[in-house]
Amino acid sequence: MAGESSGSNFGDCNGEFVGKSHRKVGLVYDEAMCKHDTPDGEDHPECPDRIRVIWEKLQFAGVTQRCVVLGGSKAEDKHLQLVHTKDHVNLVKSLSTKQKDYRRNRIASQLNSIYLNGGSSEAAYLAAGSVVEVAEKVAEGELDCGFAIVRPPGHHAEADEAMGFCLFNNVAVAASYLLNERPDLGIKKILIVDWDVHHGNGTQKMFWKDPRVLFFSVHRHESGSFYPAGDDGYYNMVGEGPGEGFNINVPWEQGRCGDADYLAAWDHILIPVAKEFNPDIVLLSAGFDAAIGDPLGGCRVTPYGYSVMLKKLMEFSQGKIVMALEGGYNLDSIAKSSLACVQVLLEDKPIQGSSEAYPFETTWRVIQAVRKRLCAYWPSLAEELSLKLIDQKTPTPIIVTSSSDSETEDYANEILDQMSKLNIENHQVDTVSTSWRTDLAKVDVWYASFGSNMWKPRFLCYIEGGQAEGMKKACVGSMDKSPPKEIMWETFPHRLFFGRESTVTWGVGGVAFTNPLTNLNDQTHMCLYRITLEQFNDVLFQENGLKVDSDSPLFDLAALQLVQNKGSIPLEAASDGWYGNVVFLGKQGDIPVLTMTCTLSAVEKFTSGEFPLRAPAKAYANTLVRGLVEGGRFSEEEAQAYIDNAASKPL
Ligand code: Q9C
Ligand code: ZN
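Residues numbered from 1 in each chain as written. Chains lettered and ligands numbered in written order. Predicted model: local features only at pLDDT ≥ 70, side-chain atom pairs only at ≥ 80, totals over all residues. Heavy atoms only, no water.

**A word on the environment of Phe-498**
So, step 1. Counting through the fold element by element, Phe-498 comes out in strand E11 (residues 496-499).
So, step 2. With a relative accessible area of 2%, Phe-498 lands in the buried category.
So, step 3. Separated by 333 residues in the primary sequence, Phe-498 and Phe-165 place their C-alpha atoms 59 Å from one another.
So, step 4. Leaving out residues up to four positions away in the same chain, Phe-498 has contacts with Gly-510, Val-511, Ala-512, Leu-613, Arg-614, Pro-616, Tyr-620, Leu-624, Ile-643, Ala-646 and Ala-647. (Helix = DSSP H or I, 4+ residues; strand = E, 2+ residues; numbered from the N terminus. Buried < 20%, exposed > 50% of the residue type's maximum accessible area, 1.4 Å probe, protein only. Contact = heavy atoms within 4.5 Å.)

**Quick notes on the coordination of the zinc ion (ligand 2)**
Ideal coordination angles are 109.5 degrees for a metal with four donors arranged tetrahedrally and 90 or 180 degrees for a metal with six donors arranged octahedrally.
So, step 1. Those donors, Asp-196 (OD), Asp-196 (OD), His-198 (ND1) and Asp-289 (OD), are the protein atoms that reach the zinc ion (ligand 2), and they lie 2.0 to 2.7 Å from it.
So, step 2. Positions of the donor residues of the zinc ion (ligand 2) along the chain correspond to the pattern D-x1-H-x90-D. Of this pair, Asp-196 sits in the loop between strand E4 (190-194) and helix H7 (201-206) while Asp-289 is found in the loop between strand E7 (281-286) and helix H9 (303-313), placing the two residues 93 residues apart along the sequence.
So, step 3. In this structure Asp-196 comes out as buried when scored by relative accessible area, which is 1%. (Donors = N, O, S within 2.8 Å, 3.2 Å for Na, K, Ca; no water.)

**Describing the packing of aromatic side chains**
So, step 1. Per the counting criterion, the structure on display carries 27 aromatic pairs.
So, step 2. Here the aromatic rings of Trp-252 and Tyr-262 are separated by 5.3 Å at their centres, their planes lie at 75°, and the arrangement is edge-to-face. Of this pair, Trp-252 sits in strand E6 (residues 247-252) while Tyr-262 is found in helix H8 (residues 259-277), placing the two residues ten residues apart along the sequence.
So, step 3. Under the relative-accessibility criterion, Tyr-262 is labelled buried at 1%.
So, step 4. Taken together, Trp-195, Phe-216, Trp-266, Phe-288 and Tyr-306 form an aromatic cluster joined through their ring pairs.
So, step 5. Above the plane of the ring of Phe-277 lies Lys-189, whose end atom (NZ or CZ) is 5.7 Å from the centre.
So, step 6. Looking at Arg-458, its charged tip hangs above the ring of Tyr-462, at a distance of 4.3 Å from the centre. (Phe/Tyr/Trp six-rings, centres within 6.5 Å; stacked < 30°, edge-to-face > 60°. Lys NZ or Arg CZ within 6 Å of the ring centre and 35° of its normal.)

**A closer look at the site of ligand 1**
So, step 1. Close contacts around ligand 1 come from 14 residues, with His-156, Gly-164, His-198, Asp-289 and Tyr-329 the closest.
So, step 2. One of the side-chain nitrogen or oxygen atoms of His-156 is found 3.3 Å away from a nitrogen atom of ligand 1.
So, step 3. Between Tyr-329 and ligand 1, the recorded distance is 2.6 Å, taken from a side-chain N or O atom to an oxygen atom.
So, step 4. Against a free-state accessible area of 400 Å², the protein chains account for coverage of 74% of ligand 1. (Near = heavy atom within 4 Å. Polar contact = N/O pair within 3.5 Å; in protein donor to acceptor, adjacent residues only side chain to side chain. Areas by Shrake-Rupley, 256 points an atom, 1.4 Å probe, with all protein chains shown as cover.)

**Section: the sheet that holds strand E17 (residues 581-588)**
Each strand in a sheet pairs with its neighbour through backbone hydrogen bonds, running either in the same direction (parallel) or in the opposite one (antiparallel).
So, step 1. Read across the open sheet, the six strands follow the order E10-E15-E9-E18-E17-E16; overall the sheet is mixed. Only two strands of the sheet have a single partner each, and these edge strands are strand E10 (486-492) and strand E16 (568-570). Direction aside, the axes of adjacent strands within the sheet are offset by 30° on average.
So, step 2. Summarising the sheet, E10 and strand E15 (residues 524-532) pair through seven bridges and their orientation is antiparallel. Within E15, the residue paired with Phe-492 across the bridge is Thr-524. (Pairing = 2+ DSSP bridges. Axes fitted to C-alpha atoms, helices over the stretch in contact; angles between N-to-C directions.)

**Section: the pairing of strand E1 (residues 25-28)**
So, step 1. Burial along E1 is two-sided: Val-25 and Leu-27 facing one way and Gly-26 and Val-28 facing the other are all buried.
So, step 2. Here E1 pairs with strand E3 (residues 145-148) via four bridges, running parallel. Within E3, the residue paired with Val-28 across the bridge is Ala-148.
So, step 3. Of the pairings in the sheet, the one linking E1 to strand E2 (residues 68-70) comprises three bridges and is parallel in character. Along E2, the bridge assignment pairs Gly-26 with Val-68.
So, step 4. In this view, the connection linking E1 to its parallel neighbour E2 by way of helix H1 (residues 49-60) has right-handed handedness. (Right-handed = clockwise from strand over helix to strand, strands pointing away.)

Following this line, the structure appears as structure tokens:
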């Protein structure tokens, strides 16, 4: 049921969810949609195998059994006519009655990037009807969310025109159906997100003046040279009349965009706007042609990237989201990406993977331009992005690229790959000689402490050096001895526990760890210190028994970017230490909140008993109590009870 979401599914200690998913996920697949094919058997990227490979991948991975599987259903003409003209609907319908291919070929030849055969009409009706079917069930609450694995795709289809491999605009039909035909379902505001690599020109036009639909499309644009060419996909196209501000385009000015670029558009445009819009349901035009390896897209989104983008969208409308397949032409890429997405819909395991470090420079430029153009409608876009943020970028080497679908571009990408590797190596050589400290001193983080560092005099030993009450040994401190710029307290949904036999600093007894996985049933109090990333590294060194005069940081700018995507990252160089796992807890303002704890594999060892759980020594527990009391979190008795409770529960 929709109410029992993520929280109850967390909780095991080995990084896997316990028990079955409680989310009801609908999947539509209908073999009849494979009948739409080229009339004379020539190859085409938009081929029947696209949906077959996706379906087979899901079956092979064993996820279809855990979903509600629906057969396709055909759209009704009156629903198609909510967004299409009668003429257009009749044209598509008539395709099936034409006896000869040459008649259909004549029609197709007058359209832009369309082929037709005897199965096209049925497939088009099924594609649109299937998206309507899933959307209706999700809106009704019969399903929590769903994925319509359909073809032909839809988002290029306009009111009176098929184009770009699309016959009916499947997602637009579903949106219009919910808004206009089913007022009883209470869907008043719909967010349509279009992450297909091409602009969703059809969908944009259909809701151009409609404030009930917020249309967001991110796509390659390249000054209007990328398909569907022209100005429609530009960021100044914001809608009109009552719909002004409800159309958002993020037009990439270059190919090769990947997870970092897409997630930057999510974090700095889509997500803040969606929060303000507060949709009743989300429809996703889920083309996978921005995927790495796609022959038309030339972008590099990974299955991991798609899963993070989807996860972020599931925070809206109580997770009511309907994915509809649009483009995507590398069979392997679309199958893997689809599986990653369905696993997110099922909420059955934490997202795993990693991303390249930074967005392109051109990406930040586009994002800034979009924010500026739209901030009058969406106040959350008004603030300028910090220099610190947009400084984290991948420079684009100069190269001649024009169009998309070419082998020459693949070749160019190979060269670019090699060049960017060279760049990274050169960069590292440069920074080592000038010391990593200079760079990391410019960046602030919130370090969130849940152990003895909650008591400020103890934490200051890691900064200023020295020995606070109860400690058996002095600390050297950070190379930068300036005090924290700010201090505050927060609670986080993590499990606090105590383990290990003894420590050099506190003697016999366990020390504090948190389970790096969220657990909504637990609340851990943490004291947050705003320090530089250089100081954070010095804390990491000292927590892991390493020297602070290292040639390289444990946790650099790339790691800081990565941890925000991945949630937590184990640190290779601290693999023998106890606190070699940096966990991202969210942001305060623009500043990431980080903590350090043990790795997931150490958690497993604590769970299995290979590492002992152990109550803290008296001096250590006292330090925690002092921190919690001085921080105003608890009375002394309450603080002691909080520690005792964390020390007594099994993991
Ligand atoms: N030089 C979808 O992804 N390419 N449609 C035409 C002409 C058409 C893509 C190239 C690409 C259409 C749904
Ligand atoms: Zn596309």
